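Here is what each chain is made of, one letter per residue.
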Amino acid sequence: MRVAALALLAPLGVSHLAGAQECHDLPPSQLPTAAPRHESATDDREPPAPLLAVTTGLRLEAAAIHDPYDQPGSYQGAIPSLELTALGVRARVAVGFYRVELMTVDGSGLGDLQVGLQRAIVAITASTQLGATVSATLPTGDRTLALGMGHPMVMPSLYAHWTDSRSSVLASVGYGRMLASGAHHHFGPLVSPMNPEEVSAAVRGARRLGTRTELAAAVSGALPLTDDGDARAAIAASARWQLGDATELGVELSAPFAGSPIDARGAVDVSRTF
């Protein structure tokens, strides 16, 4: 099963930062933009997002995984999403449907519902933005298939975003905590591992090639704040293409290297903004 999953991942090539779901921030595409503190005649940033926009997306994932006994397996998932950007605030909701194959679990079901709000707080310079995100998951996932936390989670974070005409850097730091007591799976959900309480951080660097192509690399990690948890870390690489004025296509490959049941994961996603 692991060989089959890796064969599917290989042709995907080179993630947006949070898309890999080692962290739970919103993906970095179409970040809200704050009004600049100082106008500049040489401002070469991307134009600000429209006042009102609706974005629909679909992400397809495949991963090689292992259970707590180190037995290999795989999962495949489809995650539709819906975003609304209005008055400088970005709202997102997504939920995935997964097929899991492991020695200990085998079946199909929903993952946890993910919701998030994001807003740029201030433009430090014409190229640098500071913002905040509040994300949460609701326990819609099937715990018998290790697809859900079994309780709500809340995850506030702060981010800094620097960009020029071709390059960008996005850094975030966050805190996550479950909102109920009770037993917690050692890894959390297989498809989106998280500790009962943790701090997390991530950095993503991207470079645009021409006007429609972006290559990026990211590193992310988390540290548990309780004894019931594991430190996590992952690296990722991605490529994104702008198809026309409103459609975006992306591919990614991520490789957790600590504290995760995921050995390797690949994804393709497409989104369209109206």
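Structure: above.
Notes on the structure in this doc start here. Position labels on residues start from 1 in each chain and follow its written sequence. Local features are withheld for residues below a pLDDT of 70 in this predicted model, meaning they are given only at 70 or higher, and side-chain atom pairs are given and counted only at 80 or more; totals for whole chains, interfaces and linings count all residues. By convention in this description, side-chain values take in all heavy atoms of the structure and omit both hydrogens and water.

## A word on the overall build of the protein chain
Applied cut-off: The numbering of helices and of strands both runs from the N terminus, where a helix is a DSSP run of H or I of at least 4 residues and a strand a run of E of at least 2. Type-normalised accessible area, obtained with a 1.4 Å probe on protein chains alone, sets the label of each residue: buried when under 20%, exposed when over 50%, and partly exposed for intermediate values. What sets the accessible areas is the Shrake-Rupley method with a 1.4 Å probe; for residues, cover comes only from the shown protein chains.
Helix and strand counts for the protein chain come out as one helix and 14 strands. Among the 274 residues that make up the protein chain, the fraction classed as buried is 49%. Only carbon and sulfur atoms are counted for the fraction: they give 65% of the accessible area of the protein chain, which is about 12400 Å².

## Comments concerning the pattern of salt bridges
Rules: The working definition used for a salt bridge is a side-chain nitrogen of Lys or Arg within 4 Å of a carboxyl oxygen of Asp or Glu.
Throughout the structure, instances matching the rule amount to 11 salt bridges. For Glu-83, the salt bridge goes to Arg-92, with nearest N and O atoms at 3.1 Å. Accessibility assignment for this pair places Glu-83 and Arg-92 in one class, buried. Arg-240 is the salt-bridge partner of Glu-248, the closest N and O atoms lying 2.8 Å from each other. The class for Glu-248 is buried, based on a relative accessible area of 14%. For Arg-240, a relative accessible area of 6% gives the class buried. The structure contains a network of salt bridges with shared partners spanning Arg-59, Glu-61, Glu-252 and Arg-265.

## Observations regarding unusual backbone geometry
Positive phi outside glycine occurs at Asp-70, with the angle close to 65°. Residue class for Asp-70 comes out exposed when judged on its relative accessible area of 58%. The backbone of Leu-87 shows a phi angle near 55°, a positive value even though the residue is not glycine. Tracing the backbone through its elements, the reader meets Leu-87 in the loop between β2 (72–86) and β3 (89–94).

## Some details on the nonpolar core
Burial of nonpolar side chains together is a common tendency in soluble globular proteins. The condition that has to hold: Residues belong to one nonpolar core when they are buried, are Ala, Val, Leu, Ile, Met, Phe, Trp, Tyr or Cys, and are joined through side-chain atoms within 4.5 Å.
Membership of the largest hydrophobic core comes to 15 residues, with the highest contact counts inside it found for Ile-65, Tyr-75, Val-100 and Leu-190. Secondary-structure elements contributing two or more residues to this core are β1 (52–66), β2 and β4 (97–101). Core analysis: the second largest hydrophobic core is formed by six residues, Leu-31, Ala-34, Ala-120 and Ala-123 among them.

## Let's talk about the side chain of Arg-240
Keep this limit in mind: Two N or O atoms form a polar contact when they lie within 3.5 Å of each other; inside protein one atom must be a possible hydrogen donor and the other a possible acceptor, and for residues adjacent in sequence the pair counts only when both atoms belong to side chains.
Position of Arg-240 among the secondary structure elements: in strand β12 (residues 232–243). One polar contact links Arg-240 to Glu-248, side chain to side chain, over a distance of 2.8 Å.

## A few points about the pairing of β2
Under the convention used in this document: A strand pair is defined by DSSP finding two or more bridges across the two strands.
In the sheet, β1 pairs with β2 via 15 bridges, with the strands oriented antiparallel. Directly across from Glu-61, in β2, lies its bridge partner Gly-77. With antiparallel pairing between neighbouring strands as the criterion, β1 and β2 make up a hairpin whose turn holds five residues, including Asp-70 at a positive phi of roughly 65°. Bridge count between β2 and β4: five bridges; the pairing is antiparallel. Within the sheet, the bridge partner assigned to Gly-77 lies in β4 and is Tyr-98. Linkage of β2 to β3, two consecutive antiparallel strands, is achieved through a turn of two residues, within which Leu-87 is found at a positive phi near 55°.

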